[in-house]
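Analysis of the macromolecular model
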Amino acid sequence: MIYLNDKYYISRGLHRKCYIHPEDNQKCIKVNYNDGAEEETNREIAYYKHLIKRKINWDSLAKYYGPVETNEGIGHVFDLIRDADGQISTPLEHYLASEQLTEKYYDALVSSFKNLKKALLKDRIITMTIKSKNILFQHQVTPENAIESNGKNRLIIIDNIGNATFIPVANYLGFMATAKIERTWQRFLVAIINENKQNRLIKKLVQDINSN
Ligand SMILES: Nc1ncnc2c1ncn2[C@@H]1O[C@H](COP(=O)(O)OP(=O)(O)O)[C@@H](O)[C@H]1O
Ligand SMILES: [Mg+2]
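About the criteria used
- Residues numbered from 1 in each chain as written.
- Chains lettered and ligands numbered in written order.
- Predicted model: local features only at pLDDT ≥ 70, side-chain atom pairs only at ≥ 80, totals over all residues.
- Heavy atoms only, no water.
- Phe/Tyr/Trp six-rings, centres within 6.5 Å; stacked < 30°, edge-to-face > 60°.
- Helix = DSSP H or I, 4+ residues; strand = E, 2+ residues; numbered from the N terminus.
- Buried < 20%, exposed > 50% of the residue type's maximum accessible area, 1.4 Å probe, protein only.
- Near = heavy atom within 4 Å.
- Polar contact = N/O pair within 3.5 Å; in protein donor to acceptor, adjacent residues only side chain to side chain.
- Areas by Shrake-Rupley, 256 points an atom, 1.4 Å probe, with all protein chains shown as cover.
- Nonpolar A, V, L, I, M, F, W, Y, C, P; charged D, E, K, R; others polar.
- Donors = N, O, S within 2.8 Å, 3.2 Å for Na, K, Ca; no water.
- Pairing = 2+ DSSP bridges.
- Axes fitted to C-alpha atoms, helices over the stretch in contact; angles between N-to-C directions.
- Contact = heavy atoms within 4.5 Å.
- Salt bridge = Lys/Arg side-chain N within 4 Å of Asp/Glu carboxyl O.
- Parallel < 35°, antiparallel > 145°, perpendicular 65-115°, else oblique.
- Left-handed = near helix turned anticlockwise from the far one by under 90°.

Let us look at the packing of aromatic side chains. Going through the model one piece at a time under the given rule, you end up with eleven aromatic pairs. Ring centres of Tyr48 and Trp58 lie 6.0 Å apart, and the angle between their planes is 10°; this geometry places the pair in the stacked category. You can see Tyr48 sitting in helix 1 (residues 37–53) and its partner Trp58 sitting in the loop between helix 1 and strand 4 (64–70), a full ten residues away along the chain. The class of Trp58 is buried, set by a relative accessible area of 17%. A ring pair is formed by Tyr64 and Phe78, whose centres lie 5.1 Å apart and whose planes are at 45°; its orientation type is tilted. In this pair, Tyr64 sits in strand 4 while Phe78 sits in strand 5 (residues 73–79), placing the two residues 14 residues apart along the sequence. Through successive ring pairs, a cluster of aromatic residues spans Tyr48, Trp58, Tyr64 and Phe78.

Right, dumping it as structure tokens:
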């Protein structure tokens with residue numbers, strides 16, 4: 001039994017609380033904290049198991065390690081996404097809400113978005129709605145030299161993967177998966193524009209993400 005407490009607490013979403021793993025600070029444990037969370041979590045875990053079997057590359061997703069028993073019920077262990085300086089990576093949402101941050105990381109953001117899309121298509125990773133609060137922007141180099149070292153930044157999805165209707169066909173057949181990923185991706189870009197109207201760089205950012 002693993003004891004979680006405030007000392008290890010990172011953050012929460014609508015369904016789950018996320019803690020640093022008390023026995024491994026490179027991993028995190030997520031526990032459900034409200035009704036309705038269980039169905040979401042079970043669907044997601046089933047899809048993670050499917051991806052593990054397919055031996056995908058974990059460049060664009062936090063790797064899943066399995067369940068553990070905690071004082072807050074069953075928890076699920078994932079890679080804890082940290083920047084090179086050891087800080088826990090910040091959600092993409094934060095970088096898009098601020099025009100100043102978008103400007104600072106502009107080139108790194110464009111290439112990281114492109115790489116994320118490539119990775120989803122390559123490994124046929126199906127997601128529910130993609131949201132910028134469920135993606136972390138990881139700086140694998142220190143923030144000071146992040147701009148020069150483009151390839152060292154990554155966008156990593158931490159939540160909401162898998163398919164609502166777990167239709168195996170959509171998960172296996174290449175062209176169906178591709179079509180679904182494309183649709184979900186374009187909706188994600190539209191949402192980014194709508195959610196960040198105050199940021200004058202957003203439209204250009206999305207254009208540049210979509211260009212070759
Ligand atoms: N693998 C991770 N590495 C670092 N932080 C994470 C990780 N997973 C989740 N978090 C943090 O915990 C928050 C809640 O996790 P999330 O999985 O999005 O829960 P929910 O399903 O309730 O939305 C995230 O917004 C993020 O700040
Ligand atoms: Mg979330």
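Attention now moves to the site of ligand 1. In the vicinity of ligand 1 lie 19 residues, with His15, Arg16, Lys30, Asp79 and Asp159 positioned nearest. His15 places a main-chain nitrogen or oxygen 2.8 Å from an oxygen atom of ligand 1. Take Arg16: an N or O atom from its main chain is 2.6 Å from an oxygen atom of ligand 1. The protein chains hide 93% of the 550 Å² of surface that ligand 1 would expose on its own. Here the residues of the shell around ligand 1 are counted per class, giving nine nonpolar, four polar and six charged.

Coordination of the magnesium ion (ligand 2) by the protein is provided by Asn134 (OD1) and Asp159 (OD), with metal-donor distances spanning 2.2 Å. One end of the pair, Asn134, is in the loop between helix 4 (106–122) and strand 7 (135–139); the other, Asp159, is in the loop between strand 8 (153–157) and helix 5 (168–172), and 25 residues separate them in sequence. Judged by relative accessible area, which is 9%, Asn134 ranks as buried.

With that settled, consider the sheet that holds strand 4. Here five strands make up an open sheet; going across it, the order is 1-2-3-5-4 and the pairing antiparallel. Since the sheet does not close on itself, it has two edges, and those belong to strand 1 (9–12) and strand 4, each with one partner. Taking the axes of each pair of neighbouring strands and ignoring which way they run, one obtains an average angle of 30° across the sheet. Pairing analysis gives three bridges linking strand 1 to strand 2 (residues 16–21), with the strands arranged antiparallel. Residue Arg12 lies in a different strand from strand 2, and its bridge partner there is Lys17. Those strands touched by helix 1 are strand 2, strand 3 (24–32), strand 4 and strand 5, and its axis lies near 40° from that of strand 5.

Applying the stated criterion across every chain yields a total of nine salt bridges. For Arg16, the salt bridge is made with Glu44, and the minimal N-O distance between the two is 3.2 Å. Separated by 28 residues along the polypeptide, Arg16 in strand 2 and Glu44 in helix 1 bring together distant segments of the chain. Of the two residues, Arg16 and Glu44, neither departs from the other in class, the shared state being buried. Across the pair Glu72 and Lys17 runs a salt bridge, and its minimum N-O distance is 3.4 Å. Here Glu72 is found in the loop between strand 4 and strand 5, whereas its partner Lys17 is found in strand 2, with 55 residues between them in sequence. Under the relative-accessibility criterion, Glu72 is labelled partly exposed at 29%. Members of the salt-bridge network, linked through shared partners, are Arg16, Glu44 and Asp159.

Within the element layout of this structure, Ile156 appears in strand 8. For the pair Ile156 and Ser60, spaced 96 residues apart in the sequence, the C-alpha separation amounts to 4.6 Å. Non-local contacts of Ile156, meaning those with residues more than four positions away in its chain, are made with Asp59, Ser60, Leu61, Ala62, Ile81, Asn134, Ile135, Leu136 and Gln138.

Here the focus is the packing of helix 4 against helix 7 (residues 202–210). Between two packed helices, both the angle of their axes relative to each other and the distance between the axes serve to describe the pair. Following both chains from N to C, one finds helix 4 and helix 7 inclined at 45°, their axes separated by 9 Å at the closest point. The orientation of helix 4 with respect to helix 7, classified from their angle, is oblique. For the pair helix 4 and helix 7, the crossing hand works out as right-handed. From helix 4, Tyr106, Leu109, Val110, Phe113 and Lys114 reach across to helix 7, where they touch Lys204, Leu205, Asp208 and Ile209. Within the contact of helix 4 with helix 7, the residues separate by chemical class into six nonpolar, no polar and three charged.

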